[in-house]
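The primary structure of each chain is shown beneath.
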Amino acid sequence: MAEARRWELGAHRRLEKGKVVSVVVLDGWGEAAPDPFNCIHVADTPTLDALKKGAPERWRLIKAHGTAVGLPTDDDMGNSEVGHNALGAGQIYAQGAKLVDMALASGKIYEGEGFKYIQQSFENGTLHLIGLLSDGGVHSRIDQLQLLLKGASEHGAKRIRVHILTDGRDVLDGSSVKFVEMLENDLAKLREKGVDARIASGGGRMYVTMDRYENDWQVVKRGWDAQVLGEAPHKFQNALEAVKKLREDPKANDQYLPPFVIVDERGRPVGQIMDGDAVVTFNFRADRMVMLAKALEYKNFDKFDRVRLPEIRYAGMLQYDGELKLPSHFLVAPPEIERTSGEYLAHNGIRTYACSETVKFGHVTFFWNGNRSGYFNPNLEKYEEIPSDIGIPFNEHPKMKAVEVAEKARDAILSRKYDQVRVNIANGDMVGHTGDIQATIIGCKAADDAVKIILDAIEQVGGIFVVTADHGNAEDMVKRDKSGKPLRDKDGNVQPLTSHTLNPVPIAIGGPGLQSGVRFRSDLPNAGLANVAATVMNLHGFEAPDHYEPTLIEVTN
Ligand SMILES: O=C(O)[C@@H](CO)OP(=O)(O)O
Ligand SMILES: [Mn+2]
Ligand SMILES: [Mn+2]
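Residues numbered from 1 in each chain as written. Chains lettered and ligands numbered in written order. Predicted model: local features only at pLDDT ≥ 70, side-chain atom pairs only at ≥ 80, totals over all residues. Heavy atoms only, no water.

K.L.:
I'm lost on unusual backbone geometry in this one. Help?
P.N.:
For residues besides glycine, phi is generally negative; the peptide bonds are generally trans as well. For the bond running from A55 to P56, omega is -5°, close enough to zero to count as cis. When you line up the elements, P56 lands in the loop between α2 (46-52) and β2 (59-62). The peptide bond linking L326 to P327 adopts the cis configuration, its omega dihedral lying at -10°. Mapped onto the fold, P327 is located in the loop between β9 (313-318) and β10 (330-332). (Helix = DSSP H or I, 4+ residues; strand = E, 2+ residues; numbered from the N terminus.)

Put into structure tokens, the structure is as follows:
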């Protein structure tokens, strides 16, 4: 029973305490067969290549997608949230996507406090639904939106406005058109039933609303202006036309579409958010909705001029931050990720330093700690953020801040003030999402350079390293047919794959502090990211708690 569990960890029978352990998470770094569209393979990555030579004793693959990380099915690609949750928590939890599926299927979503709360606005107000429109399943899913639209109308919503964010990151670029068509179809059906339902505004996810970790509040402001104030540089009478027209710009893509509002024949916005309305942000994933949640919920707010703060009833699909209790109303209770390795290690005196650049900062802190902000023990932990580049797509500067993050980690290791030094290196993922193959190759090389800096520091202090990844991305950059051949259009061009993948990820251990005889077990062929936490605890000299997924290592002599 959870209550009976103690925080104190037993000493490992064979492994010593007191080694510096560096945990490096390469974001978006999966394993796939050599291929011209495998940017990790094409890039010059001597450090990672050398680690692979340690197979099978000190290098292996682990699962990073689907049910291994708590997603609904094994067709679900991995992502940073569930990946870092699993890495940090050492246990597999049913994740937001699955919890929402279950609440919708059982109808319990409509009986919960959150829905009852927003329902009070249905009589006299509009229900606004804001979120990512695709079937990517990383932040949201269109089938969940469809069910929610139907359910809300059956439970009294008379006027509904959807504020869409086009994707092109978890799904192919250009698929926004198809998803808008699907949604328009559903809304038309609702209108036939007498519900006044329309799309009210939109924009590309990376340019409108879905910033994260407070990298650039202007992104949220653009969304606010369109969604709340009904103001945007582009105005259209319907969303399909909007998306098609805006995509005509040769530089346009779904991720970065400019904001637009839908207006009536007289040019008036059809769906501003007004006093008395209800708002639901229908993404289940937190990181890219928390900033909007703050703007919608906080009375005191100085990140941008909201101009008008409507008095609304607001609920998140989930509660996005359990520590901040944000938003205070939500439709589905989030997974309660408990007893994470960070919390255990803090109780056992381990001093931790975590670092990443802004765009991944919450990954090695908030997600790692089970969607919890802040420190477990401020005397033992230090989290440091390197500001990310702002306002450019990452293919324009594919090296990102990899070296800067690695140098921080190096200094933390050499300072001997920390037992664990944990970083996320973002390039494979962030540049991979742009679909730019040349840039991704440069990004992968930069990530390899960063790992070298960290491993050199570990060498100097006699420490141990664990190098792994949270899910695939850069190792497969092209849309393929069923047999795995790149799909080409009639002009012979391939369609870049901007999304994550279903591939496994590598994990390597080593360093002078790793006792001889430590090697990966051979009896866990299906191990996944959740097995890493117990492994890391062992490397710190502790036995892992028995409710954790088993350790990947054994000591043979
Ligand atoms: O950028 C993001 O939000 C996701 C993809 O939707 O990537 P990651 O899970 O790696 O953060
Ligand atoms: Mn990631
Ligand atoms: Mn990603």
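K.L.:
What's the story with the site of ligand 1 in this structure? I'm lost.
P.N.:
The environment of ligand 1 is formed by 17 residues, the closest being S80, H139, D170, R212 and R288. One of the side-chain nitrogen or oxygen atoms of D27 is found 3.4 Å away from an oxygen atom of ligand 1. Interatomic distance of 2.5 Å between a side-chain N/O atom of S80 and an oxygen atom of ligand 1. For ligand 1, whose unbound accessible area comes to 310 Å², protein coverage reaches 100%. Tallied by class, the residues present in the shell around ligand 1 amount to one nonpolar, seven polar and nine charged. Residue contributions to the shell around ligand 1 reach at least three from each of two domains, namely domain 1 (27-94 + 337-555) and domain 2 (97-332). (Near = heavy atom within 4 Å. Polar contact = N/O pair within 3.5 Å; in protein donor to acceptor, adjacent residues only side chain to side chain. Areas by Shrake-Rupley, 256 points an atom, 1.4 Å probe, with all protein chains shown as cover. Nonpolar A, V, L, I, M, F, W, Y, C, P; charged D, E, K, R; others polar. Domains from an automatic or database assignment.)

K.L.:
Please explain the coordination of the manganese ion (ligand 2) as it appears in this structure.
P.N.:
A four-donor tetrahedral metal ideally has 109.5 degree angles, and a six-donor octahedral metal ideally has angles of 90 or 180 degrees. Around the manganese ion (ligand 2), the protein contributes the donor atoms D27 (OD), S80 (OG), D470 (OD) and H471 (NE2), at 1.9 to 2.2 Å from the metal centre. Sequence positions of the residues that donate to the manganese ion (ligand 2) give the spacing D-x52-S-x389-D-H. A distance of 4.2 Å spans the gap from the manganese ion (ligand 2) to the manganese ion (ligand 3). Highlighted residues: D27 in the loop between β1 (21-26) and α1 (39-42) and S80 in helix α3 (residues 80-89), separated in sequence by 53 residues. Across the pair, S80 and D27 agree in class, each one buried. (Donors = N, O, S within 2.8 Å, 3.2 Å for Na, K, Ca; no water. Buried < 20%, exposed > 50% of the residue type's maximum accessible area, 1.4 Å probe, protein only.)

K.L.:
Is there a simple way to explain the pairing of strand β11 (residues 352-357) in this structure?
P.N.:
Side-chain direction in a regular strand flips from residue to residue, so the side chains alternate between the two faces of the sheet. Burial within β11 is extensive, with six of its six residues counted as buried. Alternating positions in β11 separate into two faces, T352, A354 and S356 on one and Y353, C355 and E357 on the other, with burial throughout. As paired strands, β11 and strand β12 (residues 381-386) are joined by six bridges and run parallel to one another. From the neighbouring strand, S356 faces β12, where its bridge partner is E385. (Pairing = 2+ DSSP bridges.)

K.L.:
How should I be thinking about the coordination of the manganese ion (ligand 3) in this particular structure?
P.N.:
Surrounding the manganese ion (ligand 3) are the protein donor atoms D429 (OD), D429 (OD), H433 (NE2) and H500 (NE2), which sit 2.1 to 2.3 Å from the metal. With six donor atoms in place around the manganese ion (ligand 3) and angles of 58 to 167° between them, the coordination shape is irregular. Counting along the primary sequence, the residues that act as donors to the manganese ion (ligand 3) give the motif D-x3-H-x66-H. (Tetrahedral: all angles 85-135°; square planar, octahedral: opposite > 155°, others 65-115°.)

K.L.:
Please explain the confidence of the model for the protein chain as it appears in this structure.
P.N.:
Detailed reading of the predicted coordinates is not advisable wherever pLDDT is low. When the pLDDT values of the protein chain are averaged, the result is 97; 99% of them are 70 or greater. Predicted complex, confidence summary: ipTM 0.98, pTM 0.96. (pLDDT = per-residue confidence, 0-100.)

K.L.:
Quick question: what am I supposed to make of the UniProt feature "domain: Metalloenzyme" (unreviewed entry) in the protein chain here?
P.N.:
Per the UniProt annotation, the sites labelled "domain: Metalloenzyme" (unreviewed entry) are residues 20-543. Taken end to end, residues 20-543 is 31% helix and 16% strand, and its two terminal C-alpha atoms sit 17 Å from one another. (UniProt positions renumbered as here; feature names shortened; annotations may be inferred.)

K.L.:
Sorry, what's going on with the environment of D75 here?
P.N.:
Mapped onto the elements, D75 comes out in the loop between β2 and α3. Here the alpha-carbon distance between D75 and V162, two residues 87 residues apart in the chain, equals 27 Å.

K.L.:
Could you clarify how one ought to interpret the packing of helix α13 (residues 402-415) against helix α15 (residues 437-461) in this entry?
P.N.:
The description of two packed helices rests on the angle between their axes and on the distance between the axes. At a closest axis distance of 8 Å, the pairing of α13 and α15 adopts a crossing angle of 5°. Relative to α15, the element α13 lies roughly parallel. Together, A402, V403, A406, E407, A409, R410, I413 and L414 of α13 and A446, A450, I453, I454, A457, I458, Q460 and V461 of α15 make up the contact between the two elements. (Axes fitted to C-alpha atoms, helices over the stretch in contact; angles between N-to-C directions. Parallel < 35°, antiparallel > 145°, perpendicular 65-115°, else oblique. Contact = heavy atoms within 4.5 Å.)

K.L.:
Just checking my understanding: could you explain the sheet that holds strand β14 (residues 464-469) for this structure?
P.N.:
Whenever strands of a sheet pair, they do so through backbone hydrogen bonds, lying parallel or antiparallel. A sheet is described by the order of its strands in space; here seven strands give the open sequence β2-β15-β14-β1-β13-β11-β12, paired in mixed fashion. The open sheet is flanked by β2 and β12, the only strands paired with a single partner. When strand polarity is set aside, the average angle formed by the axes of neighbouring strands in this sheet is 15°. As defined by bridge partners, β1 adjoins strand β13 (residues 420-425) across six bridges and the pair is classed as parallel. If you follow V25 over to β13, its bridge partner there is N424. Contacts between α15 and the sheet are confined to β1, β13 and β14, with β1 contributing the most and set at about 175° to the helix.

K.L.:
Whenever I open this one, the environment of F236 confuses me. Can you help?
P.N.:
Structurally, F236 can be placed in strand β6 (residues 234-236). Taking relative accessible area as the criterion, F236 reaches 11% and is therefore assigned buried. F236 sits 24 residues away from F260 along the chain, and the two C-alpha atoms are 7.3 Å apart. Not counting the four nearest positions on each side in its chain, F236 is found in contact with E241, A242, K245, L246, F260, V261, I262 and V263.

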